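Notes for the structure review
Residues per chain, in single letters:
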Amino acid sequence: MTMDELVKTIFDMAKCAFSGTRYTGSIPECDFVGLARQLGLSGLLYDVLDKESTPKPISDQLKKDHLAYLAMDTIQQEAIWEIHGILDETGVDNIFLKGSFLKQLYPATWMRPMGDIDILVKPEGREKARKTMVRNGYRNPFDGATHDVYFKDNSIHVEIHPQIDTHLEEAHLKALGDVWADAVPIAGCEYELDTSTNLLYIICHLAKHLKSSGIGIRQILDVGVMLTKMDDKIDRARFFGLLDESGLRLFFDHLVYINKKYFDFPIDEAYLAGYVPDDGLIEEMLDYFIASGVHGKAPNFNQAVPALTKISSKEGRVRFSKTKYLFHVAFPTYKDMAATRKYLHKHPYLLPYAWMSRWYDLMFKKTRRSIAKLKALKVDPKELENKRILYEKMGL
């Protein structure tokens, strides 16, 4: 079975998972499960299997992933309810972002896995949130410039953000604006992002991950799910205006087309008004998404490629992209350094010392990792130019 046939099998099984039907096709005995994991879809597939005709090793692996999805979802759902109560009792206005919100739209919450629980609070509520989280048993090892990190029971990872996402591009942040201004009150201190704003945020977040690491296929389905389940709450005129302001209209169109063509989401054709699909480009995009895997963690994927491509796309040329990348590695911004070195919050003038401390760590404590990253920079300039052009065609 070719790679294209393997991918089609996984896509068809994912469609069955969303429609609640049984998959009756054949399952290959090659590295089917490995690819499904790479795409972020392996936990969805066990329920739709024909258990009698599926090779037992594959069935067992998919069952293991399925049970892991169920277990983690149970743990995370309990944590979400607990944190809702904690923040509400303390009077901290909050918005649960990304996976925590999207889970509720999927046919079953376990079908939308997530690595952490992301919560937005107002800047003035950040310290109050920190105190109440710690008081309720959450460890707080990192206080960054962009978010605070919490852990509990070695299984719950929470990130509390005082701003929507300062790592987004300037045009994307400008289009999102003050997300609290049109946030929708739910109960007590709980709010939701306005639906049009929320959809734009998801698109912006996808663009960020694509430019920094990779997205696999799992996160693309969020767009199809949201457009299907929340269409009646989307102010289309406003949403399209926000898309145009952010510069992400073409990227959005590509994602909608992928969801309709490959996963049969019943998305209103009006969302693709004026869009002229290029199936060759779409296949090239999918090949890249698949090769990178979720968060760029696919085997043999060079994570330096998206980082270098981002730089070359910004500059409009490949030349000097590696030099600028190395400069950023050696001299991260204050915001990035403060995420792991808390003393910078009170003593920002120690940034040069923090850089020197980082260099020491990279050279003597993380030697192998540093050498691997340097080797990863040996990317053919032609490959970078091809990726730069692909990003441009994707609308990024």
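Attention in this report is confined to the structure presented alongside it. (Residues numbered from 1 in each chain as written. Predicted model: local features only at pLDDT ≥ 70, side-chain atom pairs only at ≥ 80, totals over all residues. Heavy atoms only, no water.)

1. Notes on the environment of Ala-207
How we decide: Secondary structure follows DSSP: runs of H or I at least 4 residues long count as helices, runs of E at least 2 residues long count as strands, and numbering of each begins at the N terminus. For every residue, the accessible area obtained with a 1.4 Å probe (protein chains only) is divided by the maximum for its type, and the residue is called buried under 20%, exposed over 50%, and partly exposed between those limits.
Along the chain, Ala-207 falls in helix α7 (residues 195-212). Take Ala-207: its relative accessible area is 2%, and that puts it in the buried class. Distance from Ala-207 to Phe-251, taken between C-alpha atoms, is 8.3 Å for residues 44 residues apart in sequence.

2. Quick notes on the sheet that holds strand β1 (residues 94-96)
Inclusion rule: Here, any two strands with at least 2 DSSP bridges between them count as paired. Between N-to-C directions, angles span 0 to 180 degrees; the directions come from axes that are lines fitted to C-alpha atoms, helices contributing only their stretch in contact.
The mixed open sheet is built from seven strands, whose spatial order is β3-β4-β5-β2-β1-β7-β6. One side of each edge strand has no neighbouring strand; the edge strands of this open sheet are β3 (139-143) and β6 (184-187). Mean inter-strand twist for the sheet, computed between neighbouring axes without regard to direction, equals 30 degrees. For β1 and strand β2 (residues 117-121), the ladder comprises three bridges, and the chain directions are antiparallel. By the bridge assignment for β2, Ile-95 is matched with Leu-120.

3. Some details on the pattern of salt bridges
Which entries qualify depends on this criterion: Only one rule defines a salt bridge in this text: a Lys or Arg side-chain nitrogen within 4 Å of an Asp or Glu carboxyl oxygen.
By the definition in use, this model includes 23 salt bridges. A salt bridge links Glu-269 to Lys-260; its shortest N-O distance comes to 3.4 Å. Overall, Glu-269 belongs to the exposed group, its relative accessible area being 52%. Between Asp-279 and Lys-261 there is a salt bridge, and its shortest N-O distance comes to 3.3 Å. In this pair, Asp-279 is assigned in helix α11 (residues 279-292) and Lys-261 in helix α10 (residues 249-263), connecting sequence segments 18 residues apart. Relative accessible area serves as the criterion here: at 37%, Lys-261 is assigned to the partly exposed category. Overlapping salt bridges, with partners in common, bring together Lys-8, Asp-12, Lys-15 and Asp-264 in one network.

4. What to know about the pairing of strand β5 (residues 156-161)
Across a regular strand the side chains alternate sides, sitting on one face of the sheet and then on the other. For β5, a buried count of five out of six residues is recorded, marking the element as mostly surrounded by other parts of the structure. As judged from the four bridges shared by β2 and β5, these two strands associate in the parallel manner. Its bridge partner lying in β5, Asp-118 is registered against Glu-159. Pairing of strand β4 (residues 148-152) with β5 involves five bridges; the strand directions are antiparallel. Each bridged residue has a counterpart across the sheet, and for Asp-148 the counterpart in β5 is Ile-160.

5. Section: the pairing of β4
Among the five residues in β4, four count as buried, and that is most of the element. Across three bridges, β3 lies against β4 in antiparallel orientation. Residue pairing for β4: Phe-142 is matched across the bridge by Val-149.

6. Things to note about helix α18 (residues 381-394)
Our working rule: To estimate how far a helix should reach, multiply one less than its number of residues by 1.5 Å. To be clear, the arc concerns the directions from the helix axis to the C-beta atoms.
With 14 residues, α18 ought to run about 20 Å at 1.5 Å a step, and its terminal C-alpha atoms sit 20 Å apart, in line with that. Among all positions in α18, only Leu-384, Lys-387, Arg-388, Leu-390, Tyr-391 and Met-394 are buried. Buried residues of α18, viewed axially, fall in a sector of 160 degrees; they line one side. Relative to its buried face, α18 has exposed residues pointing more than 90 degrees away, namely Lys-382 and Glu-392. Following α18 by one or two positions, Gly-395 has its phi on the positive side, about 95 degrees.

7. Observations regarding the packing of aromatic side chains
Note the threshold: Ring pairs shown here join Phe, Tyr and Trp side chains whose ring centres sit within 6.5 Å, with only the six-membered ring taken for Trp; geometry is labelled stacked below 30 degrees between planes, edge-to-face above 60, and tilted in between.
Under the criterion given, the structure shown has eleven aromatic pairs. A centroid spacing of 6.3 Å and a plane angle of 65 degrees characterise the contact between Phe-252 and Tyr-271, whose relative ring orientation is edge-to-face. Taken as a pair, Phe-252 in helix α10 and Tyr-271 in the loop between α10 and α11 lie far apart in primary sequence, 19 residues in all. Judged by its relative accessible area of 1%, Tyr-271 falls in the buried class.

8. Let's talk about the packing of α10 against α11
What counts is decided by this rule: In what follows, roughly perpendicular refers to angles from 65 to 115 degrees, roughly parallel to angles under 35, roughly antiparallel to angles over 145, and oblique to any angle outside these ranges. Contacts between residues were defined by any pair of non-hydrogen atoms, one from each residue, lying within 4.5 Å. Ten residue types, Ala, Val, Leu, Ile, Met, Phe, Trp, Tyr, Cys and Pro, are classed as nonpolar, four, Asp, Glu, Lys and Arg, as charged, and the remainder, Gly among them, as polar.
Taken N-terminus to C-terminus, the directions of α10 and α11 make an angle of 90 degrees; their axes are 11 Å apart at the nearest point. Comparing their axes, α11 and α10 come out roughly perpendicular. On the side of α10, the interface is formed by His-254, Tyr-257, Ile-258, Lys-261 and Tyr-262, while α11 contributes Asp-279, Leu-281, Ile-282, Glu-283, Met-285, Leu-286 and Phe-289. Here the residues of the contact of α10 with α11 are counted per class, giving eight nonpolar, one polar and three charged.

None of the figures reported here should be taken as evidence of function without further support.
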